[in-house]
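Observations on the three-dimensional arrangement
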Amino acid sequence: MHETYAKTFAENAAFYDPENGGAPRTIRQAAGAGFYPSPDADLRNGHIPAADHERKQHWKNTDRTVSKQRKTPSASAFVQQRQKLLPVALETLFHRFTALLRTGKTFRGYRLLAVDGSSLKSAAYPEDPASYRPGTPRQHGWNLWHMNALFDLENGIYTDLIVQKEHEKNECRALCQMADRSRISGKVILLADRNYESCNNLAHLEKRNWNYLIRIRDKARGIAYGMPLPDQPEFDIPLKLTLGRLTPRQLETRGIAVPKPYYRIPPTITFDFLESNSPDFYEISFRVVRLQTDSGNTETLITNLDPDRFPLAALKALYARRWGIETSFRSLKYAVGLIHLHAKKPDLVLQEVFASFLIFNFTQAAAWAVDASQGTAKYKRHVNFSDAVFACCAFLRRSAADPLPLLRRRLLPLRPGRTAPRPKITGNRISACYASAR
């Protein structure tokens, strides 16, 4: 860059050589004025100090000239080229690339998946009312998007993604769609937090022969799915339910015996395996488990795992692994840079979201090739994900060679058992000057 500046302004008396009077220590910053050489650098070089506005204009012209020489496209031209892509282009690329990844890690022979959602804000675009929020009279409006993702906890990649608009979001429907279209074969355990315990979700998972471990609401809870729960800190109860659409009185009117135990699903609740007024039944079986955490609190879970192979202690350790999807969202937003969306139009927003998930999976696949067990370190080590994102993006831009040597040199210790209180932050407090690794 310095050679380009020197060649362009060799005959310009106002050019300041960074190695001769214009070193970084003589560069000063004024409010709103940007970076430019200080007047004392002019005096040392025998020049008459220029006014601040002249000095600022000089560096603006310098940057503009170099940008023209490098043929940097304008923001408008870049957006026009992005609009030429089909809306499903990046989504298809994400799914095809993910399908080619060969995952090898399992948990006791099971593919360990977690499902969760996370929201993203974009600049105000009132033309899309399904995602637009006008805000209060003293606020600017914004658009909100909800990401529903399936995450492979052992291999560290996203296997599926559905993006919904704020006023159309439905996490349960997204989970059913991702489970039905999944190409994952073999034994699977799905971990999920609260709000995923609907009977429709359980039926879809059992149809795929997937096992599940889902947390349900526990605060002063004495009934689950119409069945009373014991007032104990820990228990493990097998539960077999007969689901139906009609009330017991309607069944008796039609001469149908009411099964025990019977759980009615109202017409307002979605259940894809029974029509609204159908007299048919649907049977489902699972365990209701209550665990006591290290802090003394209790958590209630439902699962269809084998009680002999997965007792209470094993379920407690297994559910703790669900936190991996939360930390993956943090890496996705801050390391990859998805916390700030640059586009406003829906099609361009989806491009950025799927491109970020694609970069995340590409980086994780590159990290698989790094042997983190080499050396004699005290702790096990893993790849520095932020540095890996930077190296992989440079590789994709063809501005760097093979990123693997860099990743091998940038390993971090893996310290298990470290905990910290979760901060309560409302809204988006990230500065617009935040620079991601990408």
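Quantities reported herein were computed from a predicted structural model and do not represent experimental measurements.

Points about the overall build of the chain
The helix and strand tally for the chain stands at 13 helices and 16 strands. Intrachain contacts of the chain at a sequence separation of at least 6 include 64% that bridge at least 24 residues. Put simply, the chain shows about 25,500 Å² of open surface, and 52% of that area lies on carbon and sulfur atoms.

Quick look at the nonpolar core
Grouped together as the largest cluster of nonpolar side chains are 45 residues, with contacts concentrated most on Val353 and Phe357. Of all the elements, helix α11 (residues 346-368) adds the most residues to this core, at seven residues. Core analysis: the next-biggest nonpolar cluster, separate from the first, contains 35 residues, Ala192, Ile216, Phe271 and Ile284 among them.

Quick notes on the environment of Val163
Position of Val163 relative to the elements: it lies in strand β6 (residues 157-165). Taking the C-alpha atoms as reference points, Val163 and Ser118, separated by 45 residues in sequence, lie 9.7 Å from one another. Among residues more than four places away in sequence, those in contact with Val163 are Trp145, His146, Leu350, Val353 and Phe354.

Comments concerning the side chain of Asn201
You can see Asn201 is positioned in helix α7 (residues 199-207). A distance of 3.2 Å separates a polar side-chain atom of Asn201 from the backbone oxygen of Tyr196. Setting aside chain neighbours within four positions, we find Asn201 in contact with Cys172, Leu175, Cys176 and Tyr196.

The rules behind these values
Residues numbered from 1 in each chain as written. Predicted model: local features only at pLDDT ≥ 70, side-chain atom pairs only at ≥ 80, totals over all residues. Heavy atoms only, no water. Helix = DSSP H or I, 4+ residues; strand = E, 2+ residues; numbered from the N terminus. Contact = heavy atoms within 4.5 Å. Areas by Shrake-Rupley, 256 points an atom, 1.4 Å probe, with all protein chains shown as cover. Core = buried A, V, L, I, M, F, W, Y, C linked by side-chain atoms within 4.5 Å. Buried < 20%, exposed > 50% of the residue type's maximum accessible area, 1.4 Å probe, protein only. Polar contact = N/O pair within 3.5 Å; in protein donor to acceptor, adjacent residues only side chain to side chain.

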